[in-house]
Amino acid sequence: MTDQFSLTEDQLAIQDMARKFTADRITPFAAEWDEQSHYPVDVWKAAGELGFGAIYVSEENGGIGLGRLEAALIMEAMAYGCAATSSYISIHNMATWMIDTFGSPELKARFLPELVSMEKIASYCLTEPGSGSDAAALKTSAKLDGDHYVLNGTKQFISGAGYNDIYVCMVRTSDNGAKGISCLVVEKDTPGLSFGAPEKKLGWNSSPTAQVVFEDCRVPVANRVGGEGEGFRFAMAGLDGGRLNIGACSLGGAQRCLDEAVKYTKERQQFGQPVADFQNTQFMLADMATDLEAARALLYMAAAKVTAGAPDKSRFSAMAKRLATDSGSKIVNDALQLFGGYGYLKDYPIERFWRDLRVHSILEGTNQVMRMIVGRDLLRQ
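The residue numbering used here restarts from 1 in each chain and proceeds along that chain's sequence as written. Restriction of local features to residues with pLDDT of at least 70 applies here, the model being predicted, together with a cutoff of 80 or more for giving and counting side-chain atom pairs; totals for whole chains, interfaces and linings are based on all residues. Water and hydrogen atoms were dropped before computing side-chain values, which therefore reflect all heavy atoms in the structure.

### What to know about helix 6 (residues 105-116)
Counting along an α-helix, one turn takes 3.6 residues, and residues three or four places apart therefore face a common direction.
Phase 1: Within helix 6 the residues assigned to the buried category are Leu107, Lys108, Phe111, Leu112, Leu115 and Val116. The buried residues of helix 6 occupy an angular sector of 120° when the element is viewed end-on, so they sit on one face.
Phase 2: Any two residues whose heavy atoms approach within 4.5 Å at even a single point are treated as in contact. Put simply, DSSP H or I for four residues or longer makes a helix, DSSP E for two residues or longer makes a strand, and each gets a number counted from the N terminus. Buried residues in helix 6 make contact with helix 3 (41-49), helix 5 (83-102), strand 1 (122-125), strand 4 (166-172), strand 5 (181-187) and strand 8 (224-225).
Phase 3: Following helix 6 by one or two positions, methionine 118 adopts a phi angle in the positive range, close to 65°. Buried residues are those whose accessible area, probed at 1.4 Å on protein chains only, stays under 20% of the maximum for their type, while exposed residues exceed 50% and partly exposed ones sit between those limits. In this description, one arc is meant: the one made by directions from the helix axis to the C-beta atoms.

### Overview of the side chain of threonine 281
Phase 1: Among the structural elements, threonine 281 can be located in helix 8 (residues 279-308).
Phase 2: Using a relative accessible area of 3% as the deciding quantity, one classes threonine 281 as buried.
Phase 3: Side-chain polar atoms of threonine 281 contact the backbone oxygen of valine 275, separated by 2.8 Å.
Phase 4: Excluding residues within four positions of it along the chain, threonine 281 makes contact with Thr265, Val275, Ala276 and Leu338. Here a polar contact means two N or O atoms within 3.5 Å. Within protein one must be a hydrogen donor candidate and the other an acceptor candidate, and residues neighboring in sequence count only if both atoms are side-chain atoms.

### Brief notes about the environment of threonine 173
Phase 1: Mapped onto the elements of the fold, threonine 173 is located in the loop between strand 4 and strand 5.
Phase 2: For threonine 173, a relative accessible area of 18% translates into the label buried.
Phase 3: Spatially, the C-alpha atoms of threonine 173 and glycine 231 are 9.8 Å apart, while their sequence positions differ by 58 residues.
Phase 4: In this structure threonine 173 touches Ala142, Tyr149, Gly180, Ile181, Ser182, Glu228 and Gly229, once residues within four positions along its chain are discounted.
Phase 5: At a separation of 2.7 Å, a polar atom in the side chain of threonine 173 contacts the side chain of serine 182.

### Quick look at the side chain of glutamate 128
Phase 1: Mapped onto the elements, glutamate 128 comes out in the loop between strand 1 and strand 2 (141-145).
Phase 2: Here glutamate 128 falls in the buried class, since its relative accessible area comes to 7%.
Phase 3: Not counting residues within four places of it along the chain, the set of residues in contact with glutamate 128 comprises Leu138, Lys139, Thr140, Thr154, Lys155 and Gln156.

### A look at the layout of surface pockets
Phase 1: Reported here for the largest pocket is a volume of approximately 1300 Å³.
Phase 2: Using a grid of 1 Å spacing that covers the protein atoms alone, one calls a set of points a cavity when a 1.4 Å probe fits there but cannot get out, and a pocket when the set is open and has protein on both sides within 12 Å along at least five of seven lines; lining residues are those with an atom within 4 Å of a point. Looking at the largest pocket, it is lined by 45 residues, and the ones nearest its centre are Thr127, Ile362, Leu363, Glu364 and Gly365.
Phase 3: Within the residue set of the lining of the largest pocket, elements represented by two or more residues are helix 5, strand 3 (148-159), helix 7 (231-267), helix 9 (313-339), helix 10 (350-358) and helix 11 (367-380).
Phase 4: If one sorts the elements of the lining of the largest pocket by residue count, helix 7 sits on top with seven residues.
Phase 5: Residues belonging to the lining of the largest pocket are distributed by class as follows: 21 nonpolar, eleven polar and 13 charged.
Phase 6: By volume, the second largest pocket is sized at about 340 Å³.
Phase 7: Forming the boundary of the second largest pocket are 13 residues, of which Gln4, Phe5, Ala297, Tyr300 and Met301 lie nearest the centre.
Phase 8: The element that contributes the greatest number of residues to the lining of the second largest pocket is helix 8, accounting for six residues.
Phase 9: The classification used treats Ala, Val, Leu, Ile, Met, Phe, Trp, Tyr, Cys and Pro as nonpolar, Asp, Glu, Lys and Arg as charged, and all other residues, Gly among them, as polar. Here the lining of the second largest pocket is composed, by residue class, of seven nonpolar, four polar and two charged. Grid points are joined across faces, edges and corners, and a volume is the space filled by probe spheres set on the points.

### Brief notes about the pattern of salt bridges
Phase 1: Just to be clear on terms, a salt bridge is a Lys or Arg side-chain nitrogen sitting within 4 Å of an Asp or Glu carboxyl oxygen. Using the criterion set out here, one finds 17 salt bridges in the structure.
Phase 2: A salt bridge links aspartate 16 to lysine 20, with the nearest nitrogen and oxygen atoms 2.9 Å apart. In this pair, aspartate 16 and lysine 20 are both assigned in helix 1 (residues 9-25), four residues apart and thus about one turn of the helix distant.
Phase 3: Arginine 371 is paired through a salt bridge with aspartate 326; the nearest N and O atoms lie 3.5 Å apart. Separated by 45 residues along the polypeptide, arginine 371 in helix 11 and aspartate 326 in helix 9 bring together distant segments of the chain.
Phase 4: Taking relative accessible area as the criterion, arginine 371 reaches 43% and is therefore assigned partly exposed.
Phase 5: Each of Asp34, Glu351 and Arg355 takes part in salt bridges that share partners, so that together they form one network.

### Describing the nonpolar core
Phase 1: For this analysis, a nonpolar core means a set of buried residues of the types Ala, Val, Leu, Ile, Met, Phe, Trp, Tyr and Cys, connected via side-chain atoms within 4.5 Å. Formed by 94 residues in total, the largest nonpolar core has its most connected members in Met98, Ile99, Tyr124, Met170, Val225, Met288 and Leu299.
Phase 2: Considering each element in turn, this core owes the most residues, 14 residues, to helix 7.
Phase 3: Excluding residues that lie within four positions of it along the chain, methionine 98 makes contacts with Gly103, Tyr124, Val168, Met170, Val225, Phe234, Ala235 and Gly238.
Phase 4: Among the nonpolar cores identified, the runner-up in size contains 17 residues, and Tyr167, Ala210, Phe214 and Val219 belong to it.

In structure tokens form, the structure reads like this:
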């Protein structure tokens, strides 16, 4: 029996496939990737074979054509092993979806086959050194010169920069604010494109982050996604899904740490009994589980709204991202407390999730911006 609050058989099968892939290809290696700042490209290729490089790309263009709830289930399952790895799958999907949804047939034919299979991996370039939350203030310029744009400027905090093959970039084609932003697909070997040194980060060590630098970088007009001036609309459309995905990554990391805390507190003895026998421990675990289920329910509902194109989809995406990422970090922090001094050691996975989940309250729109989106939407009614 299925009801509106249960996953369908297909959804459960997808979740199970993602969980098995994670247990096999991600969880055993995640600590080593973090320690060595290793970018597991071979794992991406294997994920691509399962269709995880094109979760909500249309089937006619080679994707698996699923909805946003299925995507969230996959991200959540993968984050159980490594949140940074799962988050990267989300970015690749957002960039690939943008080409599939807004690109011309010719552009799709050129780029999608290799992106769908993850033979090539995509980065998404919106943020700049001077424009984070105020994304429409971006300055990277694209001046038309014959059948090319000439790009100059810098993108900041770009995941996969220097490693990935394809860069879906938001650039300024006119001075008309948000309406002066266009979307271009830039290939890695384009002359005038270079990359900064990899940033040294608190977490997400298995996902390299660097600046993307354009110096008189010539990009064919044929690489534009959609029309001139439409880029900012595409960027914002992509973020609803991106927010759900990053929230789902927090759910997966929090679930892993809750499971680890339950196991550990049953085994760890203090004052002649398991730590799990103390009421304080049981109350902490109860609150962690309750907060996780509440965040998960809201995120799944928001995912259904985005798939359906509901009028309140952006408000719910923002609510769900804010709740899931804040709750996820708190649950991991409480798990670390239950582990005591051992939680602070790299011998256990808790501290890695504590570091990796912290950035989820910042990227895909800070949680302060999420509150702005929700508040404005409520007052607009």
